[in-house]
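# A closer look at the structure
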Amino acid sequence: MSAAPGGPPSGPPLAAPPVPRPTPELELESLFRLDGKRALLVGGYGGIGEVTTRLLAVHGAEVAVAGRSLEKAEALASELESDGTRAVGARVDLGDRESVEELVRRSVDALGGLDVLVNLAAVDLEAKAEDFGEDEWRAVLDINLSGAFWLSQAVGRVMIESGSGGRIIHFSSTRSVAGGRRGFAAYAASKGGLNTLVKQLATEWGKHGITVNAVGPGFVPTELVEHAVADDRFTTMMLNRIPFGRFGTPAEMAGAVLFLAAPAGGFVTGQILFVDGGVTASS
Ligand SMILES: NC(=O)c1ccc[n+]([C@@H]2O[C@H](COP(=O)([O-])OP(=O)(O)OC[C@H]3O[C@@H](n4cnc5c(N)ncnc54)[C@H](OP(=O)(O)O)[C@@H]3O)[C@@H](O)[C@H]2O)c1
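Keep in mind that what you see is a predicted model, and the values were worked out from it rather than measured.

Let us look at the packing of helix 1 (residues 47–58) against helix 2 (residues 70–82). Taken N-terminus to C-terminus, the directions of helix 1 and helix 2 make an angle of 25°; their axes are 11 Å apart at the nearest point. For the element pair helix 1 / helix 2, the angle class is roughly parallel. The way helix 1 lies across helix 2 gives a crossing that is right-handed. Contact with helix 1, carried on its side by Glu50, Thr53, Arg54 and Ala57, involves Leu76, Glu79 and Leu80 of helix 2 and no other residues of that element. Taken together, the residues of the contact of helix 1 with helix 2 sort by class into 3 nonpolar, 1 polar and 3 charged.

If you want it as structure tokens, here you go:
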């Protein structure tokens, strides 16, 4: 491990010209196809996750769906299997590194490898910053940021070993780039850290042909934000801040994932693609 934080990049000197990666020959009709690609979706049966899993399957991907509920993961997988998609369900706790590594091993065993990782798992615990508890802070950071790293590392190793590149797509948030009046200290910090992690991994793993990006949703009514939706004043304030004047939909988030996972997104890396009706543009 290099012990030179902030110093010059480690590794061999840059005297030799880099070996160029082959430029892919893209067929226009398959720009958004994922036939034969094996995708792991963590949080893949959640509000945005379920639609994303279905969309990738419709476009030809084989899928492993995971979350803390094996029952929910297997239910979605068996429904997709009955429609002709190769699919498996698995349990994982993103807050537990061993559980993450076990998930990646089992997904590789089941599908024969991994080409795409979509990480939708996150929790949001809110409190005023002056009152934020240590357990709550750690729980959010452990899942949303550390879990995202351990998951990227385990899948990145598989992709590097395969020599075939890959796509890693995390879920960020508009909260990653601007504060909010609610008690988002841990959630906002975790998503801001995730943005930087995405850029770091994209830079390190470009030479392996692995793209690393995030989708940054605006407000999408799902279980994650149901407590906020119940607050009329909050939803009115949110709607007033969205130039498009409406909330987003899971399908709009899933479409961004498909772009980043498919041949169409093959030269996009290190980006946070905000799908937010103009919120970040106007912040
Ligand atoms: N909805 C929005 O307005 C919004 C806005 C900005 C960003 N986002 C981001 O978009 C992503 C998806 O959000 P969503 O609205 O679809 O949320 P959701 O409906 O709550 O789904 C989250 C998913 O993550 C799983 N999960 C939570 N903790 C986990 C853990 N420790 N280990 C493994 N899986 C875990 C959940 O399943 P289990 O609980 O059963 O494990 C669920 O499948 C999240 O990263 C979120 O931060 C959402």
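That covers the picture; the talk isn't over yet.
So, on to the site of the ligand. Taken together, 28 residues lie around the ligand, and Tyr45, Ile48, Tyr187, Val220 and Thr222 are the ones closest in. Here an oxygen atom of the ligand and a side-chain polar atom of Lys191 are 3.0 Å apart. Against a free-state accessible area of 880 Å², the protein chains account for coverage of 92% of the ligand. At the level of secondary structure, the elements contributing two or more residues to the shell around the ligand comprise helix 1 and helix 5 (185–205). Residues that form the shell around the ligand fall into these classes: 16 nonpolar, 9 polar and 3 charged.

Here we come to the pairing of strand 1 (residues 38–42). With 4 of 5 residues buried, strand 1 is to be regarded as a mostly interior element. Two elements, strand 1 and strand 2 (residues 62–67), share 5 bridges in a ladder whose sense is parallel. The residue bridging Leu41 from the neighbouring strand is Val65, located in strand 2. The sheet contact formed by strand 1 and strand 4 (residues 116–119) spans 4 bridges and is parallel. Within strand 4, the residue paired with Val42 across the bridge is Asn119.

Attention now goes to the nonpolar core. Among the nonpolar cores identified, the biggest contains 36 residues, and Leu40, Val42, Leu151, Val155 and Val212 are the most heavily contacted of them. Looking at this core, the elements that each hand over two or more residues are strand 1, strand 2, helix 3 (97–111), helix 4 (134–162), helix 5 and strand 6 (210–217). The greatest single-element share of this core, amounting to 8 residues, is contributed by helix 4. Val63, Val65, Ala73 and Ala262 belong to the second-largest nonpolar core, a separate cluster that totals 30 residues.

Our focus in this paragraph is helix 7 (residues 232–241). Of all the positions in helix 7, only Phe234, Thr235 and Met238 are classed as buried. For helix 7, the buried positions fall inside an angular range of 95° around the axis, keeping them on one side. Residues Asp232, Arg233 and Asn240 are exposed on helix 7 and point more than 90 degrees away from its buried face. Contacts from the buried residues of helix 7 go to helix 6 (226–229).

This part covers the packing of aromatic side chains. All told, the structure shown has 5 aromatic pairs when counted by the stated rule. A centroid spacing of 5.1 Å and a plane angle of 55° characterise the contact between Phe149 and Trp150, whose relative ring orientation is tilted. Trp150 sits in the partly exposed class, given a relative accessible area of 26%. Aromatic side chains Phe219 and Phe234 sit 6.1 Å apart centroid to centroid with 65° between the ring planes, which places their arrangement in the edge-to-face category. With Phe219 in the loop between strand 6 and helix 6 and Phe234 in helix 7, this residue pair connects regions lying 15 residues apart in the sequence.

This part is about the packing of helix 1 against helix 8 (residues 250–261). Two elements in contact, helix 1 and helix 8, have axes whose closest approach is 8 Å; the angle formed by their N-to-C orientations is 50°. With respect to each other, helix 1 and helix 8 are oriented oblique. Along this stretch, helix 1 crosses helix 8, giving a crossing that reads as right-handed. Residues Gly47, Ile48, Val51, Thr52, Leu55 and Leu56 of helix 1 form the contact with helix 8, whose participating residues are Pro250, Ala251, Met253, Ala254, Gly255, Val257 and Leu258. Residues of the contact of helix 1 with helix 8, tallied by class, amount to 10 nonpolar, 3 polar and no charged.

Attention now moves to the pattern of salt bridges. Inspection of every chain in the model, using the stated rule, returns 11 salt bridges. Between Glu79 and Arg54 there is a salt bridge whose closest N-O contact spans 2.8 Å. One end of the pair, Glu79, is in helix 2; the other, Arg54, is in helix 1, with 25 residues separating them in the sequence. Among the residues examined, Glu79 registers a relative accessible area of 35% and is labelled partly exposed. When its relative accessible area of 26% is taken as the criterion, Arg54 is described as partly exposed. The salt bridge partner of Arg97 is Glu101, with a shortest N-O separation of 3.3 Å. Of this pair, Arg97 and Glu101 are both found in helix 3, 4 residues apart, which corresponds to roughly one turn of the helix. By relative accessible area, Glu101 is classed as partly exposed at 23%.

Cut-offs applied
- Residues numbered from 1 in each chain as written.
- Predicted model: local features only at pLDDT ≥ 70, side-chain atom pairs only at ≥ 80, totals over all residues.
- Heavy atoms only, no water.
- Axes fitted to C-alpha atoms, helices over the stretch in contact; angles between N-to-C directions.
- Helix = DSSP H or I, 4+ residues; strand = E, 2+ residues; numbered from the N terminus.
- Parallel < 35°, antiparallel > 145°, perpendicular 65-115°, else oblique.
- Left-handed = near helix turned anticlockwise from the far one by under 90°.
- Contact = heavy atoms within 4.5 Å.
- Nonpolar A, V, L, I, M, F, W, Y, C, P; charged D, E, K, R; others polar.
- Near = heavy atom within 4 Å.
- Polar contact = N/O pair within 3.5 Å; in protein donor to acceptor, adjacent residues only side chain to side chain.
- Areas by Shrake-Rupley, 256 points an atom, 1.4 Å probe, with all protein chains shown as cover.
- Buried < 20%, exposed > 50% of the residue type's maximum accessible area, 1.4 Å probe, protein only.
- Pairing = 2+ DSSP bridges.
- Core = buried A, V, L, I, M, F, W, Y, C linked by side-chain atoms within 4.5 Å.
- Arc of directions from axis to C-beta.
- Phe/Tyr/Trp six-rings, centres within 6.5 Å; stacked < 30°, edge-to-face > 60°.
- Salt bridge = Lys/Arg side-chain N within 4 Å of Asp/Glu carboxyl O.

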